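Chain by chain, the residues:
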Amino acid sequence: MALIKQRLPTSLCAIFSLLFSLLTSINAQANADEDMWQVLQKAAVAAHALSYQGIFYYQAGTQSKPIQITHMFNGQGEFARNVVLDNTPREVFSQGGDLTIFNPKNKNVVIEKRHGQNMFPAILPTNLDLIKQSYSLRAGEPDRVAGRAAQMLFLDPKDTLRYSYRFWVDAQYGLLLKSVMLNSRNEIIESIVFNQIGLMDTVDLDWFQPKIDTKKTYVMEDEVVIIADDGVPVGWSLKGVPAGFRKIDQMIRMVHGKSLPVTHLVFSDGLASVSLFIEPLSKNIKPRTGRKLAGGTSFYSSVSNGYQITVVGEVPEATVAQLANAVFFKK
Amino acid sequence: MNEQISALLDDEIALEDAAHIINAMLKNKDAAQAWSQYNLIGDAMRGNAVLSQQFKQNLMQKIQIEPTVLSPNTALVDQISHVKHANKLPTSWAIAASFAAVMVVGFMLLNQQTHNNNELAPMEVAQADVSKGVAADEGIPTEYLNAHQASAPSASAYYIQTVSY
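Residues numbered from 1 in each chain as written. Chains lettered and ligands numbered in written order. Predicted model: local features only at pLDDT ≥ 70, side-chain atom pairs only at ≥ 80, totals over all residues. Heavy atoms only, no water.

1. Regarding the environment of Ile5 of chain B
Residues and elements named next belong to chain B.
Item 1. With respect to the helices and strands, Ile5 occurs in helix H1 (residues 2-9).
Item 2. Take Ile5: its relative accessible area is 0%, and that puts it in the buried class.
Item 3. Considering only alpha carbons, one finds Ile5 and Ile21, 16 residues apart in sequence, at a separation of 6.9 Å.
Item 4. With near-sequence residues (within four places) excluded, Ile5 lies in contact with Ile21, Met25, Ala31, Ala34, Trp35 and Tyr38. (Helix = DSSP H or I, 4+ residues; strand = E, 2+ residues; numbered from the N terminus. Buried < 20%, exposed > 50% of the residue type's maximum accessible area, 1.4 Å probe, protein only. Contact = heavy atoms within 4.5 Å.)

See the structure below:
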């Protein structure tokens, strides 16, 4: 009996210490996860707030392109120039959220205007809440990219509706040095990696102008008719949009080769984006049904209630199919 | 010559010293073209509104999309005219507005004249593209891919141009 009395406190102690170590390890794990989100948060901000220049490679499928980037934040605004270094060098200038693209096509250079698009390394939103809902983050091994020490991160989807990502973040400056997108079979769909990178310590903006080719004619691209949409669908509603995806834009636009306007909705989970097009079927255009996968881009089209529904996005095939089937027509 | 035109645009040459450049632009077609191209590039970079070549067609298309109201609500018309009187703009605004209207009409006429001869050509190209898009069974239809890439937040499409018209 005395023996049991003596043993009891010892076993209790063991249980308590076990519980304690379990709790601290859970706590430590939670802290480590939070630290990794901090690293990703820093990468999201550093891409906008730092001034840097370098060359990175974009690779998708069998194609690979070197791109020269110059990015500057001068305290008041953000300026960037991306030059695709190939036979027909394209220059992309961004100032704040506005993009101006100089795109050589045959004898012309077509000037295109865009708004609110994210260019590498600024591919992460500064608010990571939406990403946290659909992805989990964990630390990888320390690595080196472009001669710099980097922290590797695994951003894995919590479901099968999106691809997974690997990020390499500069250990010193927090800048994203490499980004890889993989499918569920762990095959690389897209990779963007800095080959050389350096910080700039100037606020001179001499570089922020296009290289003008006097032999070419500069023309604005064909204006795409876009009508702001109040977002209230008239003849249809959405039910069962893929989890984690939020509607970020809605417009009525003319699509090349279509005589009738098309309703265009854009969805995002913070990283991946999907477009949904809804248009009334017209007599001249053959209805289209089917699905396709090219690289990481999935395509799905179906016909319902006299409407053509089309979904395109950098997501798995199941996601585009689910979004197309989320459109219900009011009877 | 082009460098001097560029310098004039950048205010690096005083207007009074630029007589020879302006003369050259009046006589030399290439110099005049360089002037208009540099202005177009500058406007695009600064984010100034630039009228595209398709401005007229697109405007007409937009007007067509607008619903036609056959019987305006009289109560609403009264309300609108009341609001109009309440917020009546100074006369100078009306003059400016009619001047702007004349400018737009003038531009449209000019555009029509210059594009009358080749107006059919782009339409034919557009039709050919569509039939190709429907018949081609391998890739993703370019018209939707282009629209997606133009509006989606991820912009890697600029690095590799998978599609082009």
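2. A closer look at the sheet that holds strand E7 (residues 135-145) of chain A
Strand pairing in a sheet takes place through backbone hydrogen bonds and is either antiparallel or parallel in direction.
Item 1. Taken together, the 12 strands give an open sheet; going across it, the order is E7-E8-E9-E10-E11-E1-E2-E3-E4-E5-E6-E12 (chain A), and neighbouring strands pair in mixed fashion. Bordering the open sheet on either side are E7 and strand E12 (217-220) of chain A, each of which pairs with just one other strand. Each strand axis lies, on average, 20 degrees off the axis of its neighbour in the sheet, ignoring direction.
Item 2. In this structure, E7 of chain A lies alongside strand E8 (residues 148-157) of chain A, joined through nine bridges in antiparallel fashion. Each bridged residue has a counterpart across the sheet, and for Leu137 of chain A the counterpart in E8 of chain A is Leu155 of chain A.
Item 3. The strands touched by helix H3 (residues 29-46) of chain B within the sheet are strand E4 (90-95), strand E5 (98-105), strand E6 (108-115) and E12 of chain A, with E12 of chain A carrying the most contacts at an inclination of about 40 degrees. (Pairing = 2+ DSSP bridges. Axes fitted to C-alpha atoms, helices over the stretch in contact; angles between N-to-C directions.)

3. Focus on the nonpolar core
Residue and element names in this part refer to chain A.
Item 1. Grouped together as the largest cluster of nonpolar side chains are 67 residues, with contacts concentrated most on Leu40, Leu124, Leu155, Phe167 and Leu276.
Item 2. Among the elements that make up this core, the one with the highest residue count is helix H1 (residues 2-49) (seven residues).
Item 3. Discounting chain neighbours no more than four positions away, the residues touching Leu276 are Leu238, Thr263, His264, Leu265, Phe267, Ile309, Thr310, Val311, Leu323 and Val327.
Item 4. By size, the runner-up hydrophobic cluster in this structure holds 15 residues, among which are Met72, Ile111, Met200 and Tyr218. (Core = buried A, V, L, I, M, F, W, Y, C linked by side-chain atoms within 4.5 Å.)

4. Re the packing of helix H2 (residues 19-27) of chain B against H3 of chain B
All names here are of chain B.
Item 1. Where H2 meets H3, the closest approach of the two axes is 5 Å, and the angle between their N-to-C directions is 110 degrees. As summarised for this structure, H2 and H3 are arranged roughly perpendicular, according to the angle between their axes. Every residue of H3 that contacts H2 at Ala24, Met25 and Lys27 is listed here: Lys29, Ala31, Ala32 and Trp35.
Item 2. Among the residues making up the contact of H2 with H3, the classes are represented as five nonpolar, no polar and two charged. (Parallel < 35°, antiparallel > 145°, perpendicular 65-115°, else oblique. Nonpolar A, V, L, I, M, F, W, Y, C, P; charged D, E, K, R; others polar.)

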